[in-house]
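# Notes for the structure review
In case you want the letters, here they are:
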Amino acid sequence: MFGDFHLHSNHSDGRLDPIALIDVVADAEVQVAALTDHDTTAGHAAAAQRSRERGLHFIPGIEMTTFGCCRVIHVLGLNVDGSLPQLEAANATALDVWDANQRRWVDALSHEGVNISFESDFMDHPVRLPVLIERLCRRGLAGGDPVSVHALFRKFFSALPEDAYARLPAPSAAAAIIRAAGGIALLAHPEPLRESGVLGELLDDFDGLEALYMPYPDAQREGLRTLAAQHGKLYSCGTDYHGYFTGAYRRPTVEAPEALLDRLGL
């Protein structure tokens, strides 16, 4: 059974709405799909309905933004109840942090001479990342090239001081919220955490990790799967598909792990 447990719609920073997204993965003969938008579950109802119509097993998910080990860490939740008050509160906090850091970047660009103003150009703040990039392109940043602007975004946000992320939950707190919402907590795209030596200490608080992250080469995926087995943890597979910068959708090249399917009741 082919499954994709890491997908984004236009409710966060994906290009497609949930219905179109499910159509794309169904056309690729995926049998299990999880919508894991950043810090929101707003697309679940539409994606679930379309999945029923297309004969897919739908997994309501989320990708929570957390801060720990001096870095932003993304946490996947699978099979979550989006109405849990603690999850809603964490999502609201993440949106506030995103709003404040969006302003930091736009203000910094303005001081560098870019013809842009947060007050006039982002009256509808906070905006989704693709909208932010589009507006900066229109103002001529990086010659209007969205790939280059996205690279500048990653560089600026990765260099922000810790206080810019201080209100975000710790990874362990996010895992606890996901479990309280009935879900499975997994560390997303964890290779940088392994390379920096913090993955092992984080894993104790999680059900598993996204070992079969499709953008990784085979050797990294196999190493992460071995690590999950050594720790007695689940592992998932996913494309992290956004619809921007990565071309057409391509389903995972490996079948969904049986242990994960069992935990999800499939």
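For the structure given in this document, a descriptive report is provided here. (Residues numbered from 1 in each chain as written. Predicted model: local features only at pLDDT ≥ 70, side-chain atom pairs only at ≥ 80, totals over all residues. Heavy atoms only, no water.)

### A word on the packing of helix H3 (residues 85-111) against helix H6 (residues 146-158)
Put simply, the rule reads: For every element, the axis is a line fit to its C-alpha atoms; helices are fit only across the contacting stretch, and the angle between N-to-C directions ranges from 0 to 180 degrees. Numbering of helices and strands starts at the N terminus; helices are DSSP runs of H or I of at least 4 residues and strands are runs of E of at least 2. For this classification, under 35 degrees means roughly parallel, over 145 means roughly antiparallel, 65 to 115 means roughly perpendicular, and everything else is oblique. Whether a crossing is left-handed or right-handed is set by the direction in which the near helix is turned from the far one by less than a right angle, anticlockwise for left-handed and clockwise for right-handed. Contact between two residues is taken to exist if any of their heavy atoms lie within 4.5 Å; hydrogens are not considered. Three residue categories are used. Nonpolar comprises Ala, Val, Leu, Ile, Met, Phe, Trp, Tyr, Cys and Pro, charged comprises Asp, Glu, Lys and Arg, and polar comprises the others, including Gly.
In the contact formed by H3 and H6, the axes pass within 11 Å of each other and the chain directions differ by 110°. Judged on the interaxial angle alone, H6 and H3 are roughly perpendicular. Like other packed secondary-structure pairs, H3 and H6 cross with a definite hand, here right-handed. The segment H3 lies against H6, with Trp-98, Asn-101, Gln-102, Arg-104, Trp-105 and Ala-108 engaging Val-149, Leu-152, Phe-153, Phe-156 and Phe-157. For the contact of H3 with H6, the residue count by class is 8 nonpolar, 2 polar and 1 charged.

### A word on the pattern of salt bridges
Our working rule: By definition, a salt bridge exists where a carboxyl oxygen of Asp or Glu is found within 4 Å of a side-chain nitrogen of Lys or Arg.
This structure, assessed with the given rule, holds 16 salt bridges. Each of Asp-23, Asp-27, Arg-50, Glu-53 and Arg-54 takes part in salt bridges that share partners, so that together they form one network.

### Topic: the packing of helix H5 (residues 129-138) against H6
Two quantities define a packed helix pair, namely the angle between the helix axes and the distance between the axes. Running from N to C, H5 and H6 point in directions that differ by 115°, and their axes come no closer than 9 Å. When you trace H5 past H6, the crossing you get is right-handed. Note on element contacts: H6 touches H5 through Pro-146, Val-149, His-150 and Phe-153, opposite Leu-129, Ile-133, Leu-136 and Cys-137.

### Points about the sheet that holds strand E3 (residues 57-68)
What counts is decided by this rule: Strands are labelled as partners when DSSP assigns at least two bridges between them.
Spatially, 7 strands are ordered E1-E2-E3-E4-E5-E6-E7 in an open sheet, and the strand pairing comes out mixed. The sheet is open, and its two borders are formed by strand E1 (3-7) and strand E7 (234-238), each paired with just one other strand. Looking at each pair of strands side by side, their axes are set apart by 35° on average, direction ignored. The pairing of strand E2 (residues 32-35) with E3 spans 4 bridges and is parallel. By the bridge assignment for E3, Leu-35 is matched with Pro-60. Its contacts with the sheet place helix H2 (residues 44-54) against E2 and E3, and it is angled at close to 150° to E3.

### Some details on the nonpolar core
Our working rule: For this analysis, a nonpolar core means a set of buried residues of the types Ala, Val, Leu, Ile, Met, Phe, Trp, Tyr and Cys, connected via side-chain atoms within 4.5 Å. Relative accessibility under 20% of the residue-type maximum defines a buried residue, over 50% an exposed one, and the middle range a partly exposed one, all with a 1.4 Å probe and only protein chains included.
If you look at the biggest cluster of nonpolar residues, it comprises 28 residues, and the most contacted ones within it are Met-64, Val-75, Leu-87, Leu-187, Leu-193, Leu-199 and Leu-209. For this core, the secondary structure elements donating two or more residues are E3, strand E4 (71-78), H3, helix H7 (171-180), strand E5 (184-187), helix H9 (199-203), strand E6 (208-213) and helix H10 (218-230). Here the element with the most residues in this core is H7; it accounts for 4 residues. In this structure Leu-87 touches Thr-41, Ile-62, Met-64, Val-80, Asp-81, Gly-82 and Ile-177, once residues within four positions along its chain are discounted. Ranked by size, the runner-up nonpolar core spans 26 residues in total, among them Val-106, Leu-109, Phe-122 and Leu-132.

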